[in-house]
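# Structural overview
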Amino acid sequence: MREKLEKRLYKTLDAVQMDIKLIFCNAMAYNPSDSVYYEEAKRMLSEAKKIVDSYKLKLAESDWGDSDPLSNND
């Protein structure tokens, strides 16, 4: 993900959010819910949402994308 960001390969904010969500959801899916890895992934996903929400304030609403992957529970 770092490489994609540095090379500016993401075309939309939605694409960035989907990769963020995938990383943390995978950590939660593949680790027991009582593990430190699960708990940290859950916490970091929540923090990522806050960061993205604050970043959205700097963008025009038309640049947000069509969905809000970090807010969806899919």
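Residues numbered from 1 in each chain as written. Predicted model: local features only at pLDDT ≥ 70, side-chain atom pairs only at ≥ 80, totals over all residues. Heavy atoms only, no water.

## Overview of helix α3 (residues 36-56)
Between its first and last C-alpha, α3 extends 30 Å over 21 residues, near the 30 Å set by a 1.5 Å rise per residue. Ala41, Leu45, Ala48, Val52 and Lys56 are the residues of α3 that are buried. Along the axis of α3, the buried positions cluster into a sector of 65°, meaning they face one direction only. Of the exposed residues in α3, the ones pointing more than 90 degrees away from its buried face are Val36, Lys50 and Ile51. Looking at the buried side of α3, the elements it contacts are α2 (13-29). (Helix = DSSP H or I, 4+ residues; strand = E, 2+ residues; numbered from the N terminus. Expected span 1.5 Å × (residues − 1). Buried < 20%, exposed > 50% of the residue type's maximum accessible area, 1.4 Å probe, protein only. Arc of directions from axis to C-beta. Contact = heavy atoms within 4.5 Å.)

## Topic: the environment of Leu70
Structurally, Leu70 can be placed in the segment after α3. We classify Leu70 as buried; its relative accessible area is 9%. C-alpha of Leu70 to C-alpha of Lys50: the two residues are 20 residues apart in sequence and 9.6 Å apart in space. Sequence-distant contacts of Leu70, defined by excluding residues within four places in its chain, comprise Gln17, Ile20, Lys21, Leu45, Ala48, Lys49 and Val52.

## Considering the pattern of salt bridges
Under the defined criterion, the tally for this structure stands at 5 salt bridges. Residue Lys7 is joined to Glu3 by a salt bridge in which the shortest nitrogen-to-oxygen separation is 2.9 Å. Like Glu3, Lys7 is exposed. A salt bridge links Glu47 to Lys50; its shortest N-O distance comes to 3.2 Å. Here the residue Glu47 and the residue Lys50 both occupy positions in helix α3, the gap between them amounting to 3 residues, near one helical turn. Among the residues examined, Glu47 registers a relative accessible area of 34% and is labelled partly exposed. (Salt bridge = Lys/Arg side-chain N within 4 Å of Asp/Glu carboxyl O.)

Note that all results are geometric; they support no functional claim without further evidence.
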